[in-house]
Amino acid sequence: MVRLTIDLIAKSSIHVKNRRDEPLENYLKKLTHLNFSNKNIDEIDDLSVCRSLTVLYLYDNCITRISNLGFASSLTHLYLQNNSIRNIENLSSLHRLSKLYLGGNCIAVVEKLEGLDDLKELHIENQQLPPGEKLLFDPRTLQSLSKSLLVLNASSNGIDELKELVILENLTHFAASDNQLRDLKEVEHVLKKWHSLQRLDLIRNPVCIKPKYRDRIIVASKHLEFLDGKEVNQTAREFLINWKASRDGKKKIPEERGLDVLCPYPNPDDLQAIYTLLPIRYNQPSIPSKRWPVDSVLNRGFFKLC
């Protein structure tokens, strides 16, 4: 395994070329981008001399613990995906961090991100969790990210509900494909709270096979532009919204008339059963029975249809 040190950076061919005859310390102080991805690195040493570092690429390595990054107060992008990290830690001092990539690790709980007020993107997809377990979110972390977070990728993590994420009110892109979301009503409820959402990816969730899944999602999320990789047509959205408004308006009619349910016109097979319920005006055996019209009875609310 390899330890990321100042000496390793100095011997790197690209930095030797870029530095030329400049003293190493001066070069490291001005260094803004550092890429040591796929280098079998398992530990981060003291890199505090790289005080201007803004972007750090350490993906596809063997890192098990996030450490020695407290010096990087200017860091805005941190790429740590596809390592062996088990805990999110030692990041609270990175106040300028805006994008954090942690996908493909072994993280069970999204936590300890309090204080990262500029964090706009969190990529936490595809954690290698034991069978039957799901990714959890610390409420304190969600509260701290409620205003700043715009992009959340939590795909392939066994997630089966979204209600705890409703606090992320400014999300514009949410990816949660390949999870265990089943409750369409809960998804609709959360989407109605995410007023800025433009992109949503829920493919390969059980909820996707629910009747009218796409229509209901589009109606619930008024500003959605892409759903499961497909563009949301504005004309179709307006039609669905108007259709729902019309349907909801019709549902209010029986309530105003004192009926419990708005019933459709009966089919011929049901007419006989309905007529037997209607009041009879004349009931003498010698006089043919005369019944009031169905529409008249329904409009007067003489009885309730269930």
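This write-up is about the structure you can find in this document. (Residues numbered from 1 in each chain as written. Predicted model: local features only at pLDDT ≥ 70, side-chain atom pairs only at ≥ 80, totals over all residues. Heavy atoms only, no water.)

**Quick notes on the overall build of the protein**
Point 1. Each helix and strand in the protein was counted, giving 9 helices and 14 strands.
Point 2. For the protein, the proportion of contacts with a sequence separation of at least 24, taken over those separated by at least 6, is 41%. (Helix = DSSP H or I, 4+ residues; strand = E, 2+ residues; numbered from the N terminus. Contact = heavy atoms within 4.5 Å.)

**Here we look at the nonpolar core**
Point 1. Leu78, Leu113 and Phe174 are the most contacted members of the largest nonpolar core, which has 70 residues in total.
Point 2. Breaking this core down by element, the ones donating at least two residues are helix H3 (24-30), strand E3 (41-44), helix H4 (139-145), helix H5 (184-193) and helix H6 (213-220).
Point 3. When residues in this core are grouped by element, the largest group, 5 residues, is from H6.
Point 4. The residues contacting Phe174, other than those within four sequence positions of it, are Leu152, Leu162, Leu165, Trp194, Leu197, Arg199, Leu200, Asp201 and Leu202. (Core = buried A, V, L, I, M, F, W, Y, C linked by side-chain atoms within 4.5 Å. Buried < 20%, exposed > 50% of the residue type's maximum accessible area, 1.4 Å probe, protein only.)

**Describing the sheet that holds strand E6 (residues 99-101)**
Point 1. Strands sit in the order E2-E4-E5-E6-E8-E10-E11-E12-E13-E14 across an open sheet of 10 strands; the sheet is mixed. Each edge of the open sheet carries a strand with a single partner, namely strand E2 (33-35) and strand E14 (230-231).
Point 2. Pairing of strand E11 (residues 173-175) with strand E12 (residues 199-201) involves 3 bridges; the strand directions are parallel. Residue pairing in the sheet places Ala175 in a bridge with Asp201 of E12. (Pairing = 2+ DSSP bridges.)

**Describing the pattern of salt bridges**
Here the idea is simple: oppositely charged side chains can pair when their charged atoms come close.
Point 1. Enumeration according to the criterion identifies 13 salt bridges in this entry.
Point 2. In this structure, Asp7 engages Lys11 in a salt bridge whose closest nitrogen and oxygen atoms are separated by 3.1 Å. Of this pair, Asp7 and Lys11 are both found in helix H1 (residues 6-11), 4 residues apart, which corresponds to roughly one turn of the helix.
Point 3. Looking at Asp7, the relative accessible area reads 44%, which means it is partly exposed.
Point 4. For Lys11, a relative accessible area of 64% corresponds to the exposed category.
Point 5. Lys99 is paired through a salt bridge with Glu121; the nearest N and O atoms lie 3.6 Å apart. On the criterion of sequence distance, the pair formed by Lys99 in strand E6 and Glu121 in strand E8 (residues 121-123) is long-range, its members being 22 residues apart.
Point 6. When its relative accessible area of 17% is taken as the criterion, Glu121 is described as buried.
Point 7. The network of salt bridges with shared partners includes Arg3, Glu43 and Asp45. (Salt bridge = Lys/Arg side-chain N within 4 Å of Asp/Glu carboxyl O.)

**Digging into the side chain of Asn61**
Point 1. Position of Asn61 among the secondary structure elements: in the loop between strand E4 (55-57) and strand E5 (77-79).
Point 2. Polar side-chain contacts of Asn61 include one of 2.9 Å to the backbone oxygen of Phe36. (Polar contact = N/O pair within 3.5 Å; in protein donor to acceptor, adjacent residues only side chain to side chain.)

**Things to note about the packing of aromatic side chains**
Point 1. Within the structure shown, the criterion is met by 4 aromatic pairs.
Point 2. A centroid spacing of 5.2 Å and a plane angle of 65° characterise the contact between Phe174 and Trp194, whose relative ring orientation is edge-to-face. You can see Phe174 sitting in strand E11 and its partner Trp194 sitting in the loop between H5 and E12, a full 20 residues away along the chain.
Point 3. The buried category is assigned to Phe174, whose relative accessible area is 0%.
Point 4. Looking at Trp194, the relative accessible area reads 1%, which means it is buried.
Point 5. Through successive ring pairs, a cluster of aromatic residues spans Tyr57, Tyr59, Tyr79 and Tyr101.
Point 6. When the ring centre of Phe226 is taken as origin, the NZ or CZ atom of Arg199, which lies over that ring, is 4.2 Å away. (Phe/Tyr/Trp six-rings, centres within 6.5 Å; stacked < 30°, edge-to-face > 60°. Lys NZ or Arg CZ within 6 Å of the ring centre and 35° of its normal.)

**Section: the packing of H5 against H6**
Point 1. Relative orientation of the contacting elements H5 and H6 amounts to 25°, with a least axis distance of 8 Å. By the criterion of interaxial angle, the relationship of H5 to H6 is roughly parallel. Considering how the two elements wind past one another, H5 and H6 form a crossing that is right-handed. Listed contacts from H6 to Leu184, Lys185, Val187, Glu188, Leu191 and Lys192 of H5 are Tyr213, Arg216, Ile217 and Ala220. (Axes fitted to C-alpha atoms, helices over the stretch in contact; angles between N-to-C directions. Parallel < 35°, antiparallel > 145°, perpendicular 65-115°, else oblique. Left-handed = near helix turned anticlockwise from the far one by under 90°.)

**Comments concerning empty space enclosed by the protein**
Point 1. Using the criterion set out here, one finds 1 cavity of 30 Å³ or more in the structure.
Point 2. Counted as a void, the largest cavity has a volume near 40 Å³.
Point 3. If you go around the largest cavity, the residues you meet are Lys134, Leu135, Ile159, Asp160, Glu161 and Glu164. (1 Å grid on protein atoms, 1.4 Å probe; cavity = no way out; pocket = protein on both sides within 12 Å on 5 of 7 lines; lining within 4 Å. Points joined across faces, edges and corners; volume = space filled by probe spheres on them.)

**So, the environment of Gly229**
Point 1. Along the polypeptide, Gly229 turns up in the loop between strand E13 (226-227) and E14.
Point 2. Under the relative-accessibility criterion, Gly229 is labelled exposed at 58%.
Point 3. The spacing of Gly229 and Ile203 is 26 residues in sequence and 8.8 Å in space, taken between C-alpha atoms.

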